[in-house]
Amino acid sequence: MTAGSIVLWEGLGTAVLILLGVGVVANVVLRPTLGTGGGWLMITFGWGFAVFVGASIAEPSGAHLNPAVTIGLAVAGATQWSMVPFYLIGQLVGAFVGASVGWLAYKANFDKNVEEDPEGNRDTRGIFCTGPVVARSGWNVVTEVVATFVLVFWILSNPAAQAPDGAGVPQFGNGALGYAAVAFVVIGIGCSLGGPTGYAINPARDLGPRLAYALLPIRGKGSAEWGYAWVPIVGPIIGAVLAGLLSAGVS
């Protein structure tokens, strides 16, 4: 796998992941849509299926889609450190592009939202990136550490499909589910641990769309809340490193 291929496939996969993720939140949050008021479960399932689609597209590069996953794999010795920057570049650029295309898909709805309520778009930042329900930076980091640890450690611990044993019985394990298994884990994390911070569990998933929100000409938008932006970067990285160290230690 060349550096250029990694950037390409990670960029494409992450762009589609974020496009569908931003899309499901916009569908629920913006008032003039068919999904208005769909609720938290619709969002968590939408993000889970977005992971499945994005990962399926990025299969040639290993479908990391997430700097925390890339770093966790590198710490565990499953990814070369020399390739890490190329994964991160593809993921961040893809996240920015995906969020921007998501806004284009809902452009008329954003405009209608602010036409019906002049203050209606001031809180649309949450369509693009995460934020805490209770703003306690230290504890918000802890939430992201815990949630990301679960994701990355599961990925590192998940047994791949094995060839048939002596009795001719193949050992499928979770490998039989492919990327759908990761989607189920993401849905589970969202339902169980997503309440406090919106479960970024992915620095690119938060930073790329947050940057897009800051730059896009969204009518009546509010602040990008850069003061919080470090939390969904630091927390997931710490969780990933811990997962990688534990996985390396027990393997």
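Preceding this section is the structure that the text describes.
Residues numbered from 1 in each chain as written. Predicted model: local features only at pLDDT ≥ 70, side-chain atom pairs only at ≥ 80, totals over all residues. Heavy atoms only, no water.

J.: Account for the environment of Asn113, naming residues and giving values.
T.: The topology assignment puts Asn113 in helix H5 (residues 107-116). With 84 residues separating them in the primary sequence, Asn113 and Val29 have C-alpha atoms 9.8 Å apart. If we ignore the near neighbours within four places in the chain, the residues touching Asn113 are Leu30, Arg31, Pro32, Gly120, Asn121 and Thr124. (Helix = DSSP H or I, 4+ residues; strand = E, 2+ residues; numbered from the N terminus. Contact = heavy atoms within 4.5 Å.)

J.: Give a description of the packing of helix H1 (residues 3-29) against helix H2 (residues 40-57) that names residues and reports values.
T.: Two elements in contact, H1 and H2, have axes separated by 8 Å at closest approach and are oriented at 165 degrees. Comparing the axis directions of H1 and H2 gives the class roughly antiparallel. Crossing hand, H1 versus H2: right-handed. Its residues assigned to classes, the contact of H1 with H2 comprises 17 nonpolar, five polar and no charged. (Axes fitted to C-alpha atoms, helices over the stretch in contact; angles between N-to-C directions. Parallel < 35°, antiparallel > 145°, perpendicular 65-115°, else oblique. Left-handed = near helix turned anticlockwise from the far one by under 90°. Nonpolar A, V, L, I, M, F, W, Y, C, P; charged D, E, K, R; others polar.)

J.: Explain H2 to me, using residue names and the numbers behind them.
T.: The end-to-end C-alpha distance of H2, which contains 18 residues, comes to 26 Å, matching closely the 26 Å that a straight helix rising 1.5 Å per residue would cover. Against H1, helix H8 (179-193) and helix H9 (203-215) lie the buried residues of H2. (Expected span 1.5 Å × (residues − 1).)

J.: Account for the packing of aromatic side chains, naming residues and giving values.
T.: Taken as a whole and judged by the stated rule, the model has five aromatic pairs. With a centroid separation of 6.1 Å and an interplanar angle of 55 degrees, the aromatic rings of Phe45 and Phe49 are classed as tilted. Of this pair, Phe45 and Phe49 both sit in helix H2, four residues apart, which is roughly one turn of the helix. The exposure class of Phe45 is partly exposed, given its relative accessible area of 37%. Judged by its relative accessible area of 46%, Phe49 falls in the partly exposed class. Aromatic pair Phe149 and Phe153: ring centres 5.4 Å apart, planes at 10 degrees, arrangement stacked. In this pair, Phe149 and Phe153 are both assigned in helix H7 (residues 137-157), four residues apart and thus about one turn of the helix distant. We classify Phe153 as partly exposed; its relative accessible area is 24%. (Phe/Tyr/Trp six-rings, centres within 6.5 Å; stacked < 30°, edge-to-face > 60°. Buried < 20%, exposed > 50% of the residue type's maximum accessible area, 1.4 Å probe, protein only.)

J.: For the side chain of Thr197, give the residues involved together with the corresponding values.
T.: Summarising the element assignment, Thr197 is placed in the loop between H8 and H9. Within the local environment of Thr197, its side chain forms a polar contact with the side chain of Glu144, the two groups lying 2.6 Å apart. Within polar-contact distance, the side chain of Thr197 engages the backbone nitrogen of Tyr199 at 3.5 Å. Discounting chain neighbours no more than four positions away, the residues touching Thr197 are Thr130, Gly131, Pro132, Asn140, Thr143, Glu144 and Tyr228. (Polar contact = N/O pair within 3.5 Å; in protein donor to acceptor, adjacent residues only side chain to side chain.)

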